[in-house]
Amino acid sequence: MKTRPILRSDERGNVVVIAVFMSACLVGCLWYMFGLGEAMIYRQQLRAAADATAFGSAVLDAVGMNIVAMLNIAMAVALSILLLLQIIFLIGVVLTLFSLLLEIPTLGGVSPISVGLIDFDADMFDVISDVQEPVFMTIAAINVAAGTDAMLMPWASLAYGNEQPALYKSAAPGAGIQPFSLALFPTRFPLFFNVGEGALGNWLTNKLPTLQKLKKATNISINPFKADSAVSRYGLPVTDDKYSVLCEHSAHELVQEFEDLTPEGWIAQALHLGPILDGFGWVFGSFVGAFPGIFCSGVDPEEAMQSEVGVSLSDAKTVSEALGKVPFLRWLIKPIQGFIDVTTKGASRVGGPDKDANGKPVPGQLYRYSMYPMKAFDLYKNGNSFGQVWATIRGNDASTTGAITGVDVASWGTPAAPAAAGVGETMDFAEAEFYYDCGPGSPSPVMGDFFFPDSSGVWDDCKLNAMWNMYWKARLVRWQPAELPVLKALLLAAWSGSGAESILQSIASKVPFVDGSSVLVKYGVSDVLKSCFINLDQGKVGRVGPSQCPFSTGGSSSNGEVEINGTAPDGTPIAGVFH
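Every value quoted in this text rests on a predicted model; they were computed, and no experiment measured them.

## Digging into the packing of helix H5 (residues 243-261) against helix H17 (residues 519-534)
Phase 1 of the analysis: One way to put it is that H5 packs onto H17 with a least axis distance of 8 Å and a crossing angle of 120°. Considered as vectors, H5 and H17 are oriented oblique to each other. In contact with Ser 244, Val 245 and Glu 248 of H5, H17 contributes Val 519, Lys 522 and Tyr 523.
Phase 2 of the analysis: Residue composition of the contact of H5 with H17, by class: three nonpolar, one polar and two charged.

Now the structure itself:
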């Protein structure tokens, strides 16, 4: 008979007791490993959500800048129509004057050629008078469209950025305005600001006799209300440029249209003469931009000749009347009267009613206040805060609770209190920027690269072309605080509000055959002195080039900078942020 083992000495099944406890530990370890993977995926998705939010928003902002550049080109194309007509008319005027001079030896003989040329000039007057206002209205409408785009696109990018966290299970939308950028808050509005600044400036001039006398005596216009240029931008970092710049680029476009739309241009391209035409386009544009009053204003030629050459219609009439009193010189009256006919026949319709006696646009033609292309905001440069987008994305805590129940098994249902999660574990942040892609290898016309080089990659070299090429892009950057150039803004306000540019233009206009509002005066004098002034004590290195200060401005690049935020959203000092 088999003897039963005594219970206290029976060792069978001992391992089961240990296995029960070890199984609980094993389950806990497995769930802990699952939770660890869950946490890593959570952090990775949170980081990806922050990057996608910032970068996606910056991409749309870059698209907005490219649209503004495209609209600038559209303005130039529209103005090139008027420019072509003006060139044809000016050629006709030159031929007419030449024909009248050939008639001098005939002592007043009538030439059918001269009569025909005068009639041709008068007909061109009629054509220009019919075309110029629709062209000007189109330009103004495009200016308003560009400003509206610059105001609305940052909000479109905000809406797009808000959608990105939903694509990641671990992410939740950030608090406040996310993603954030300075472009969300425009400080200028299309047309209204242009009209308001002009109206306020005229009101102040009429109220202050000193300013009124100064404007009448020297044509110097001091408008303190233009001091808003220190902060004035259409949301995205763009603002109004000068009309002479549009005139210059319309000449570029006219040459480009010849190259692309005419058989002669096609032949030139087939012979690989495109770079030569591009170079000619830049030279031709510089010449046209030097005389915007003649080529692009569409105004009465009498006003153009008075402003550009210094010869007025009253001067010609005075000479004609004087010659009529001298018997043996009366034969000179006919060519001079022919000149007067050229400049007056039909002139009442060409630019006649657009201004009142004081040279101000009359009511009903407010579009003349907005006939400007766009330029980059004076305080913007590649890499500064006006082109930055910041995103702070918080985590979805539900994505990290999947392993808690399994881990609780190891503690037999009595879990220990979880450690408090740090701020950096429940949120992530990213920064992106939109920028103008210039530097080595950037495409530029041959002569354009000579006059306005992009190859250095320095913003001062690139800014003149930035709003005329669709090379705006976006990229992720390391997190950095917002820095505002307060000193530069104050100096810019002082420059704009003091009428310094108007004074320089008035001085330049005293030089024969020089238009004070031309691009040559702008790039070579006004913008150069402006660059030197607004960069005082800010460590600006002197550079020789268009619109650049050739002298060092002294000081340090950090002078006048105000830092908005010195730490990352989780409290980490900027120096310790590595992503």
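That covers the picture; the talk isn't over yet.
## As for the nonpolar core
Phase 1 of the analysis: Judged by nonpolar contacts, the single largest core of 74 residues is most densely connected at Leu 79, Phe 136, Ile 139 and Trp 472.
Phase 2 of the analysis: Sorting elements by how many residues they give to this core places helix H1 (residues 14-102) first, with 14 residues.
Phase 3 of the analysis: If sequence neighbours within four positions are ignored, Leu 79 has contacts with Val 135, Phe 136, Ile 139, Tyr 243, Leu 246, Cys 247, Ser 250 and Cys 296.
Phase 4 of the analysis: Core analysis: the second largest hydrophobic core is formed by 13 residues, Tyr 42, Leu 46, Ala 54 and Val 389 among them.

## Concerning the packing of aromatic side chains
Here the distance between the centres and the angle between the planes together describe a pair of aromatic rings.
Phase 1 of the analysis: Under the defined criterion, the tally for this structure stands at 15 aromatic pairs.
Phase 2 of the analysis: Arranged with centres 5.0 Å apart and planes meeting at 70°, the rings of Phe 429 and Trp 479 form a pair that is edge-to-face. Of this pair, Phe 429 sits in strand E5 (residues 427-436) while Trp 479 is found in the loop between strand E6 (472-477) and strand E7 (483-485), placing the two residues 50 residues apart along the sequence.
Phase 3 of the analysis: Accessibility expressed as a relative area gives 6% for Trp 479, which makes it buried.
Phase 4 of the analysis: Ring plane angle 40° and centroid distance 5.9 Å describe the contact between Trp 495 and Phe 533, whose orientation is recorded as tilted. Taken together, the residues Trp 495 in helix H15 (residues 486-497) and Phe 533 in helix H17 connect sequence positions 38 residues apart.
Phase 5 of the analysis: Among the residues examined, Trp 495 registers a relative accessible area of 10% and is labelled buried.
Phase 6 of the analysis: Here Phe 533 falls in the partly exposed class, since its relative accessible area comes to 29%.
Phase 7 of the analysis: Cluster of aromatic residues (ring-pair linked, three or more members): Tyr 380, Tyr 436, Trp 459, Tyr 471 and Trp 472.
Phase 8 of the analysis: In this structure, Arg 475 is placed above the aromatic ring of Tyr 435, and the distance from its NZ or CZ to the ring centre is 3.7 Å.

About the thresholds
- Residues numbered from 1 in each chain as written.
- Predicted model: local features only at pLDDT ≥ 70, side-chain atom pairs only at ≥ 80, totals over all residues.
- Heavy atoms only, no water.
- Axes fitted to C-alpha atoms, helices over the stretch in contact; angles between N-to-C directions.
- Helix = DSSP H or I, 4+ residues; strand = E, 2+ residues; numbered from the N terminus.
- Parallel < 35°, antiparallel > 145°, perpendicular 65-115°, else oblique.
- Contact = heavy atoms within 4.5 Å.
- Nonpolar A, V, L, I, M, F, W, Y, C, P; charged D, E, K, R; others polar.
- Core = buried A, V, L, I, M, F, W, Y, C linked by side-chain atoms within 4.5 Å.
- Buried < 20%, exposed > 50% of the residue type's maximum accessible area, 1.4 Å probe, protein only.
- Phe/Tyr/Trp six-rings, centres within 6.5 Å; stacked < 30°, edge-to-face > 60°.
- Lys NZ or Arg CZ within 6 Å of the ring centre and 35° of its normal.

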